[in-house]
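# Overview (structure and organization)
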Amino acid sequence: MLDLALHGDQGPVSLADISARQEISLSYLEQLFSRLRRQKLVVSIRGPGGGYRLSRPAADLYIAEVVDAVSESLDTTRCGNKGDCQNGEKCLTHHLWSDLSDQIHQFLSEISLGDLMRKHEIRQVADRQNRRQSDSGSETINTERLSDQAPA
């Protein structure tokens, strides 16, 4: 989602581009974006030049929403917060870990994609990833040109 937010000003972003930049499997991204679309966090654009865009401004999309939409757990308890961690009953530190899970969710509820986009460190990483993607694209082109000129 952060990659989408960073590149969305250039039009719809393809999952293949996100996959290449973030080194995440395309099939996994397709699963995630299906969930994000169902939760109305992204909009899909069909056709040539299609891809995805955020459904609302990055400043209004919070990290906890993204995590919740893709059903990722922020639970730090051993028991999945069921309270059956020790022989079917709560263990001594159950409430500690449960409270930590709540704190993590609250923390992520206060950070928007826009907040992350403004961080200098994140911009540096995105610039490096963009350069790497551009360089790998030109290597492919050069290789194709060389093979076209190679004697038979």
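Being a predicted model, the structure only gives us computed values, none of them experimental. (Residues numbered from 1 in each chain as written. Predicted model: local features only at pLDDT ≥ 70, side-chain atom pairs only at ≥ 80, totals over all residues. Heavy atoms only, no water.)

Quick look at the state of the cysteines now. Per the stated rule, a full pass over the model turns up zero disulfides. Unpaired in this structure, Cys 91 has its nearest cysteine sulfur neighbour in Cys 85, at a distance of 3.5 Å. Overall, the relative accessible area of 14% leaves Cys 91 in the buried class. (Disulfide = S-S within 2.5 Å. Buried < 20%, exposed > 50% of the residue type's maximum accessible area, 1.4 Å probe, protein only.)

Looking now at the side chain of Asp 3. Looking at the secondary structure, you find Asp 3 in helix α1 (residues 2-7). With a relative accessible area of 6%, Asp 3 lands in the buried category. A distance of 2.7 Å separates the side chain of Asp 3 from the side chain of Arg 21, its partner in a polar contact. A distance of 2.8 Å separates a polar atom in the side chain of Asp 3 from a polar atom in the side chain of Gln 22. The contacts of Asp 3, once residues within four sequence positions are left out, are Val 13, Ile 18, Arg 21 and Gln 22. (Helix = DSSP H or I, 4+ residues; strand = E, 2+ residues; numbered from the N terminus. Polar contact = N/O pair within 3.5 Å; in protein donor to acceptor, adjacent residues only side chain to side chain. Contact = heavy atoms within 4.5 Å.)

The subject of this paragraph is the pattern of salt bridges. This structure, assessed with the given rule, holds three salt bridges. A salt bridge links Glu 65 to Arg 56; its shortest N-O distance comes to 2.3 Å. (Salt bridge = Lys/Arg side-chain N within 4 Å of Asp/Glu carboxyl O.)

This next bit is on helix α3 (residues 26-38). Along its 13 residues, α3 runs 18 Å from first to last C-alpha, staying within 8% of the 18 Å computed at 1.5 Å per residue. When we look at burial in α3, the residues that qualify are Leu 29, Leu 32, Phe 33, Ser 34 and Leu 36. Buried-residue contacts for α3 involve α1, α2 (15-22), β1 (42-45), β2 (51-54) and α4 (63-69). Just beyond α3, the residue with positive phi is Lys 40, at close to 65 degrees. (Expected span 1.5 Å × (residues − 1).)

Ranked by internal contacts, the top residues of the largest apolar core, which has 30 residues, are Met 1, Leu 4, Phe 33, Leu 36, Leu 54 and Leu 113. Those elements that provide at least two residues to this core are α1, α2, α3, β2, α4, α6 (113-117) and α7 (120-149). In terms of residues, this core owes the most to one element, α4, which gives five residues. If you count residues domain by domain, this core takes at least three from each of domain 1 (1-55) and domain 2 (57-125). Here Leu 113 is in contact with Met 1, Leu 2, Ala 5, Leu 54, Ala 58, Leu 61 and Ile 63, once residues within four sequence places are set aside. (Core = buried A, V, L, I, M, F, W, Y, C linked by side-chain atoms within 4.5 Å. Domains from an automatic or database assignment.)

Here the focus is the pairing of β1. Summarising the sheet, β1 and β2 pair through four bridges and their orientation is antiparallel. Bridge pairing links Val 42 to Leu 54 in β2. Between β1 and β2, which pair antiparallel and follow one another directly, the connecting turn spans five residues, one of which, Gly 47, has a positive phi of 95 degrees. (Pairing = 2+ DSSP bridges.)

What follows is about helix α5 (residues 94-109). Between its terminal C-alpha atoms α5 stretches 23 Å, which fits the 22 Å expected from 16 residues at 1.5 Å a residue. Of the surrounding elements, those touching the buried residues of α5 are α4.

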